[in-house]
There are 2 protein chains.
Amino acid sequence: MTDRASVDEVDQRIIRALRADGRLSVRSLAEQVHISRANAYARIERLRDSGVITGFTAEVAPEHLGLGTSAYVSVSIEQNTWKPVAAALRSVPCVERVALVGAEFDALVTVRCRDNHELRDTVLEQIQAIPGVKATRTWLIFEETEVHDWATAPPARDPGR
Amino acid sequence: MTDRASVDEVDQRIIRALRADGRLSVRSLAEQVHISRANAYARIERLRDSGVITGFTAEVAPEHLGLGTSAYVSVSIEQNTWKPVAAALRSVPCVERVALVGAEFDALVTVRCRDNHELRDTVLEQIQAIPGVKATRTWLIFEETEVHDWATAPPARDPGR
DNA sequence: ATTGAAACCTAACGTAT
DNA sequence: ATACGTTAGGTTTCAAT
């Protein structure tokens, strides 16, 4: 399940198409990518089995769900407590993403809250209560943009083999 | 297209189901959520039109696409140049996300690169070349976890109205 | 008014050859 | 690539609450 084998240009086009529209039918995907339908089925299955495509999901605007306050929270962690602290962070409500990083802090956590009050509670009551958390800093997110095409953008200027 | 009106518990269940599996058929979604198929169609359309659901996409593991090096890059920006700089950042290859934040820096950029060399190029040649960018700092991402359920997790403990 | 149940034709699925 | 039985997509109608 962890080949890093062969993702050819056709696979790249499949991924690009499915990232743009995750509910695309296999038929229109196949014709859009100029392969047969059977081939499309086989490739999609292979991409899922090999762990390249990990799933499909609906993209949601947090503000429209009443989650108007987003923030990054940097977390400093005591030595040798990475794993349990990261697990604890993941189970805090409002936490969307936990990244362990190499910086003057150790983890960068993305949170989605209803309002400043819930953010305060999340940071001060939930995150700082985790054993092993030494310090936090909170950076409010004013505006955010996702680039849809990072996964398949580079034209692979290296003809490596 | 920007109501923040009524997202009831049924909508929440729909969103949770579609976040877990973005390719769920409307039929199985309807029975899983205990509504009629016609109702499911109507609600999905409403959630899309109102901007709550912004799209559907395939989730991809960057490492399996040859993008083994991920990083956060903090960017300090000259006063009054937010907009063009943010736009320029978004058009840099390897950039996945641009967030404007309130911190000692102004933007936090997520990048996905093949290797350290491409990261170096992205940061030093592409990002620092943008007019208005004053300084950057790069934090390597060692490990990263997405929490799938932030959008519908909180049980809304506040009976606000 | 909003929902659920049923019916309907078309299109896509998934597999096999 | 074609064909084939099965399932889902969309839409409409109608009854019920």
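In this convention, every chain numbers its residues from 1, walking through the sequence in written order. Labels are handed out in written order, letters beginning with A for the chains and numbers beginning with 1 for the ligands. A pLDDT threshold of at least 70 governs which residues receive local features in this predicted model, and a stricter bar of 80 or more applies before side-chain atom pairs are shown or counted, although totals over entire chains, interfaces and linings include all residues. To obtain the side-chain values, all non-hydrogen atoms of the structure were used and water was disregarded.

## Describing the domain arrangement of chain A
Worth spelling out the cut-off: Start and end positions for the domains come from either an automated domain assignment or a database one.
The domain architecture assigned to chain A consists of domain 1 (9–58) and domain 2 (62–141). If you average the C-alpha positions of domain 1 of chain A and of domain 2 of chain A, the two centres end up 34 Å apart.

## Brief notes about the pairing of strand 3 (residues 95–102) of chain B
The side chains of a regular strand alternate between the sheet's two faces. This is how it is decided: Partly exposed residues are those whose accessible area sits between 20% and 50% of the maximum for their type, while under 20% is buried and over 50% is exposed, using a 1.4 Å probe and protein chains only. By definition, any uninterrupted DSSP run of H or I lasting at least four residues is a helix, any uninterrupted run of E lasting at least two residues is a strand, and each is numbered from the N terminus. At least two bridges found by DSSP between two strands are what make those strands a pair.
Burial runs high along strand 3 of chain B: 7 of the 8 residues are buried. Alignment of strand 5 (residues 133–146) of chain A against strand 3 of chain B, held across 6 bridges, turns out to be antiparallel. Paired with E143 of chain A across the two strands is L100 of chain B, which belongs to strand 3 of chain B. Strand direction decides the pairing type here: strand 3 of chain B and strand 4 (residues 107–113) of chain B, joined by 5 bridges, are antiparallel. Residue V98 of chain B lies in a different strand from strand 4 of chain B, and its bridge partner there is V109 of chain B. Where strand 3 of chain B hands over to strand 4 of chain B, the hairpin turn is made up of 4 residues, counted between the paired strands.

## Some remarks on the pairing of strand 5 of chain A
Here strand 2 (residues 69–77) of chain A runs beside strand 5 of chain A; their pairing, made up of 7 bridges, is antiparallel. Pairing of S74 of chain A across the sheet is with R137 of chain A, part of strand 5 of chain A.

## Structural notes on the interface of chain B and chain A
Short version of the rule: Contact between two residues is taken to exist if any of their heavy atoms lie within 4.5 Å; hydrogens are not considered. What counts as buried area is the accessible surface, traced by a 1.4 Å probe, that two parts surrender upon association, with contributions from both included. When a carboxyl oxygen of Asp or Glu lies within 4 Å of a side-chain nitrogen of Lys or Arg, that pair is called a salt bridge.
Taken together, the contact between chain B and chain A spans 66 residues of the former and 66 residues of the latter. The contact between chain B and chain A buries some 6,200 Å² in all, and 55% of this surface belongs to carbon and sulfur atoms. Summed over the three residues of chain B that lose the most area to chain A, namely R23, H64 and W150 of chain B, the buried surface amounts to 13% of that side. Where chain B packs against chain A, one counts 4 salt bridges.

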